[in-house]
Each structure stands twice: as C-alpha cells, then as structure tokens.
Amino acid sequence: AVVSTQSTGIEERIENGHLTEKVVYVRETRLTTLVSGILIGVSVLLIPSPLNLIPIPVFYGLFVYLAITSLEDFQMWERIVLIFTEQTLYPPLHYVRRVPQKIIHCFTLLQLLQLTGLCMVSLSESPYLKMFFPFVIILLMPIRERVLPVLLSERHLTALDGEH
C-alpha cells in the first residue's frame, strides 16, 4: 500500500556476484493504517457536493495515470514489450527461460486478438451486442482450455500462465 512504502529498511548487499536483500528494521504501521482508513471514511462524506467541483477531465487524468503506472506489473504488457525488444535484451523472466520466443509472441498475439474481440463487443454502438459481453467473457474459458492446447504445448502454456 502507498501508506506503508517506507515501513521497512532493506539493506542490499552484493555477495559472490549476487544481489541479496536483508530486512534491517520494520516500523510499526498500525497508526498509518488507522489514519488511511479514517481518511477513506471521511472521503465518503465528500461524495455529494465537493466532488462536483472537481472537473471530470481531472478524474480521467487520474484514471489514465493509475492505468499507466499499473502496466509494469501486467504480464501481457511485458510480453507486448518483448515483441519490440531484441532477444538478447530480454529480461530474465521465468517464461522467457522456458518458452521459445516464437511461442511467446504467438501466445501474446492470440491474447491481443481476444482482447480486441472483447473491446469490439463492449465498445460497440449496439446495446444488443453489449448484452453479449458476459457470454464473450465466458467463451474465453473454453478457448483457453480447448483451443490453446491444440495450438501450443501444455508445458509452454503452464509457463506462460503461471507466476513461477
């Protein structure tokens, strides 16, 4: 959480060419959690009138900022960046070590195709087409379980799906 980013002191050491981190101290964070909870509760009181004074583009900018800053932890975004990165400069990610470059790019393009289909349904002008959005989401499960294993090996899919 943002309120507790400085709650630990971490000491970094390089031993035998490897970077190791050691927690040196931990600050008590109950007070910051309490204060942040109180401030969130007080913000509910701002809903009717003071929030109307903030222009809508400010909220749009806030949401765009939050979306851009969260891309760093998004594995699909990492794989999209890999499409434009030279293979010798790939970061040492778990799936990069286990899956060939061609399979990574194929999987990424298939996911982009699915995302494009979702966006086309959700952003369409037709309200009747928008009603099918939950069904399109449900359709993604059989695509993953039945179609993708035909196109890619299960070992590669496990490496691309998993965190480790």
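Within every chain, residues take consecutive numbers counted from 1 along the sequence as written. Only residues with pLDDT of 70 or above have their local features reported here, since the model is predicted, and side-chain atom pairs are shown and tallied only from 80 upward, although totals for entire chains, interfaces and linings are computed over all residues. Hydrogens and water molecules were not included; the side-chain quantities draw on all heavy atoms of the structure.

1. Focus on the packing of helix α5 (residues 101-122) against helix α7 (residues 133-151)
Phase 1: Fitting a line to C-alpha atoms yields each axis, with helices limited to the stretch in contact; the angle taken between N-to-C directions then spans 0 to 180 degrees. Only DSSP runs of H or I covering at least 4 residues are called helices, and only runs of E covering at least 2 are called strands; the numbering of each starts at the N terminus. Relative orientation of the contacting elements α5 and α7 amounts to 165°, with a least axis distance of 11 Å. When the axis of α5 is compared with that of α7, the two are roughly antiparallel. Viewed along their axes, α5 and α7 form a crossing whose handedness is right-handed. Contacts between α5 and α7 involve Phe107, Leu110, Gln114, Leu118, Val121 and Ser122 from the first element and Phe133, Val136, Ile137, Leu140, Ile143, Leu148 and Leu151 from the second. For classification purposes, an angle smaller than 35 degrees is called roughly parallel, one larger than 145 roughly antiparallel, one from 65 to 115 roughly perpendicular, and anything else oblique. With the far helix as reference, a near helix turned anticlockwise by less than a right angle produces a left-handed crossing, and one turned clockwise produces a right-handed crossing. Residue contacts follow a heavy-atom distance rule, with two residues in contact if any of their heavy atoms lie within 4.5 Å.

2. With respect to the environment of Arg97
Phase 1: Among the secondary structure elements, Arg97 is positioned in helix α4 (residues 94-98).
Phase 2: With 24 residues separating them along the chain, Arg97 and Val121 place their C-alpha atoms 35 Å apart.
Phase 3: Think of a polar contact as two N or O atoms within 3.5 Å of one another; within protein, one of them needs to be a possible hydrogen donor and the other a possible acceptor, and neighboring residues in sequence only count if both atoms come from side chains. A polar atom in the side chain of Arg97 sits 2.7 Å from the backbone oxygen of Pro92.

3. Brief notes about the confidence of the model for the protein
Phase 1: The quantity known as pLDDT measures the predictor's confidence residue by residue, on a range of 0 to 100. When pLDDT is averaged across the protein, the result is 84; 91% of the residues are at 70 or more.
Phase 2: Per-residue pLDDT, averaged within each element of the protein, yields its smallest value for strand β1 (residues 8-15) (72) and its largest for α5 (93).

4. Considerations on the side chain of His94
Phase 1: Residue position: His94 is located in helix α4.
Phase 2: Categorising residues by exposure relies on relative accessible area from a 1.4 Å probe, with only protein chains included: less than 20% of the type maximum marks a residue as buried, more than 50% marks it as exposed, and the intermediate range marks it as partly exposed. His94 sits in the buried class, given a relative accessible area of 16%.
Phase 3: Polar side-chain contacts of His94 include one of 3.3 Å to the backbone oxygen of Ala159.

5. Thoughts on the packing of α7 against helix α8 (residues 154-161)
Phase 1: At a minimum axis separation of 9 Å, α7 and α8 run at an interaxial angle of 130°. The orientation of α7 with respect to α8, classified from their angle, is oblique. Along this stretch, α7 crosses α8, giving a crossing that reads as right-handed. Where α7 approaches α8, its residues Arg144, Leu148 and Pro149 are matched on the opposing element by Glu154, Leu157 and Asp161.

6. Overview of the side chain of His105
Phase 1: Counting through the fold element by element, His105 comes out in helix α5.
Phase 2: Here His105 is in contact with Leu82, Ile83 and Tyr90, once residues within four sequence places are set aside.

7. A short note on a nonpolar patch on the surface
Phase 1: Put simply, a patch holds well-exposed residues, over 30% relative accessible area, that have no salt bridge, with like charges counted together within 9 Å and Val, Leu, Ile, Met, Phe, Trp or Tyr side chains within 5 Å. Surface accessibility follows the Shrake-Rupley procedure with a 1.4 Å probe radius. Residue values consider only the protein chains on display as shielding. When a carboxyl oxygen of Asp or Glu lies within 4 Å of a side-chain nitrogen of Lys or Arg, that pair is called a salt bridge. Together, Leu31, Leu34, Val35, Ile38, Leu39, Val42 and Leu45 make up a nonpolar patch on the protein surface, roughly 710 Å² of accessible area in all.
Phase 2: Positionally, Leu39 belongs in helix α1 (residues 30-44).

8. Some thoughts on the packing of aromatic side chains
Phase 1: Ring pairs shown here join Phe, Tyr and Trp side chains whose ring centres sit within 6.5 Å, with only the six-membered ring taken for Trp; geometry is labelled stacked below 30 degrees between planes, edge-to-face above 60, and tilted in between. Here the structure, examined in full by the defined rule, presents one aromatic pair.
Phase 2: A ring pair is formed by Phe132 and Phe135, whose centres lie 6.1 Å apart and whose planes are at 50°; its orientation type is tilted.
Phase 3: Classification of Phe132 as partly exposed rests on a relative accessible area of 45%.

9. Details of the pattern of salt bridges
Phase 1: One pass over the structure, following the stated rule, counts one salt bridge.
Phase 2: Asp161 is the salt-bridge partner of Arg144, the closest N and O atoms lying 2.5 Å from each other. Placement of Arg144 in helix α7 and of Asp161 in helix α8 is noted, with a sequence separation of 17 residues between them.

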